Amino acid sequence: MPDISRIYPDDRQAMEKLDRLLAGEGIRRDANLDYICGIYDDSYSLIATGSCFGNTLRCFAVDHDHRGEGLLNTIVSHLMDYQQMRGNSHLFLYTKCSSARFFRDLGFYEIARVENSVAFMENQRKGFAGCLERFRRETDMANGDLARKGGTVAAIVMNANPFTLGHQYLVEKAAGECGLLHLFLVSEDASLVPFAVREHLVREGTRHMENVILHASGPYIISQATFPSYFQKDDDDVSRSHALLDVTVFGMIAKELGITCRYVGEEPFSQVTGIYNQVMEEQLPKAGIECIVVPRRQRNGTAISASGVRELLKKGDFHALADLVPPATLEYFRCKEAGPVLENIRRAGNVVHH
């Protein structure tokens, strides 16, 4: 079996070889990688590579002169062993649709795909089915009677980083217009405000709405921070592919829970989220799901945004913060427990994109 070497980001020569190999396969290095490995030939040319980010596998490439030597199989097996060592047994990967068959042979199961772009796969046969079962169970435990009474069943997906009056306004509007509202909170810890805190603030900020069911999204509703970028030519392509894949997965969730409507907040600031909303407006109706875009709640003529709230937290301006967040959010950030979170926000160079 060929030797596998770790590639470190500060090894400029190795990274240049990595980028050349990836470029030869028509892909670019992903911005989110926390482990990179490779196989070299006798002349120390990089001939195969693969990487990890969190519990995902990504950025695979084999030099065309070394196809059929089992190098990709060796790389994948090594990465799976490495993930096991890190304590990650449930793994995901993104690959070109044309490569999905190869990974099926290695024990991965396809969850969803965007044709001619990306396939989303996992190594547990009943992983996604288990997540759907959890959503059904949470629905029955929280508000099963409402779910059985009929009426419009709607959904919102949010990151709430942190939960603002804008988020609360969106939830209140949706909850007031439907019989039952599923609120999926992105549970990946890729934000400055940890999931446990976001979940607490959302739960407190929606407690007065009896027809809202809060779900941790799990790994199947994919955040912008962890969606791979290496299949697309530019950032707009990345955003569109991410949105198409997320809408595909969401359609499967919606079918299981009887969701016929999704509420989204209007996006006046972010081009990425603007593209995402555009894709949802185009694609959701094809799956029988109405997409309702709600104008942002404003304060002093400006739309309330989580990035604006993070900027105030970075400055320590709690006076201005009080006009933009619910009482529970303000109370949390004023308490001693929020110290580590506030320190992370203060240290962040740019709080807009977290």
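Anyway, here's the lowdown on the structure attached to this text.

Conventions we followed
- Residues numbered from 1 in each chain as written.
- Predicted model: local features only at pLDDT ≥ 70, side-chain atom pairs only at ≥ 80, totals over all residues.
- Heavy atoms only, no water.
- Salt bridge = Lys/Arg side-chain N within 4 Å of Asp/Glu carboxyl O.
- Helix = DSSP H or I, 4+ residues; strand = E, 2+ residues; numbered from the N terminus.
- Buried < 20%, exposed > 50% of the residue type's maximum accessible area, 1.4 Å probe, protein only.
- Core = buried A, V, L, I, M, F, W, Y, C linked by side-chain atoms within 4.5 Å.
- Contact = heavy atoms within 4.5 Å.
- Pairing = 2+ DSSP bridges.
- Axes fitted to C-alpha atoms, helices over the stretch in contact; angles between N-to-C directions.
- Parallel < 35°, antiparallel > 145°, perpendicular 65-115°, else oblique.
- Nonpolar A, V, L, I, M, F, W, Y, C, P; charged D, E, K, R; others polar.
- Expected span 1.5 Å × (residues − 1).

Before going further, it helps to spend a moment on the pattern of salt bridges. Using the criterion set out here, one finds 18 salt bridges in the structure. For Glu-115, the salt bridge is made with Arg-113, and the minimal N-O distance between the two is 3.8 Å. The partner of Arg-347 in a salt bridge is Glu-343, and the shortest N-O contact between them spans 3.0 Å. Taken together, the residues Arg-347 and Glu-343, both in helix 12 (residues 339–347) and four residues apart, mark about one turn of the helix. Its relative accessible area of 65% is what places Arg-347 among the exposed residues. Three or more residues joined by partner-sharing salt bridges are found here, namely Arg-104, Glu-110, Arg-113 and Glu-115.

Here we take up the nonpolar core. Counting 42 residues, the largest nonpolar core has Ile-156, Leu-181 and Phe-333 as the members making the most contacts within it. Once residues within four sequence positions are removed from consideration, Phe-333 is found in contact with Pro-162, Val-193, Leu-201, Leu-313, Phe-318, Ala-338, Val-341 and Leu-342. Membership of the second largest hydrophobic core comes to 37 residues, among which are Tyr-94, Ala-155, Leu-257 and Leu-284.

Spatially, 1-2-3-4-5-7-6 is the arrangement adopted by the seven strands of the open sheet, whose pairing is mixed. Unpaired on one side and paired on the other, strand 1 (5–7) and strand 6 (109–114) mark the two borders of the sheet. Here the average twist between neighbouring strands, direction ignored, is 25°. Across the sheet, helix 1 (residues 12–24) lies against strand 1, strand 2 (35–40), strand 3 (46–53) and strand 4 (56–62), angled at about 95° from strand 3, the strand it touches most.

It is the contact of helix 9 (residues 306–315) with helix 12, at a shortest axis distance of 8 Å, that shows an interaxial angle of 100°. Considered as vectors, helix 9 and helix 12 are oriented roughly perpendicular to each other. Here Arg-310, Leu-313 and Lys-314 of helix 9 lie close against helix 12, whose contacting residues are Leu-342, Ile-345, Arg-346 and Arg-347. A class-by-class count of the residues in the contact of helix 9 with helix 12 yields three nonpolar, no polar and four charged.

Moving on, we come to the packing of helix 6 (residues 195–205) against helix 11 (residues 327–334). Between helix 6 and helix 11, the shortest axis-to-axis distance is 8 Å and the interhelical angle comes to 145°. Between helix 6 and helix 11, the contacting residues are Val-197, Leu-201 and Glu-204 on the first element and Ala-328, Thr-329, Tyr-332 and Phe-333 on the second. Of the residues belonging to the contact of helix 6 with helix 11, the class tally is five nonpolar, one polar and one charged.

The end-to-end C-alpha distance of helix 1 is 18 Å, a good match for the 18 Å that 13 residues give at a rise of 1.5 Å each. Its buried side turned inward, helix 1 meets strand 1, strand 2, strand 3 and strand 4. Residue Gly-26 follows helix 1 closely and has a positive phi angle near 75°.

So, about unusual backbone geometry. In the segment running from Asn-161 into Pro-162, the intervening peptide bond is cis, with an omega of 0°. In this structure, Pro-162 sits in the loop between strand 8 (153–158) and helix 5 (165–177). Here Ala-160, not a glycine, exhibits a phi torsion of approximately 55°, which is positive. By the secondary structure assignment, Ala-160 is in the loop between strand 8 and helix 5. Unusually for a residue other than glycine, Asn-300 sits at a positive phi of about 55°. Along the chain, Asn-300 turns up in the loop between strand 13 (298–299) and strand 14 (302–303).

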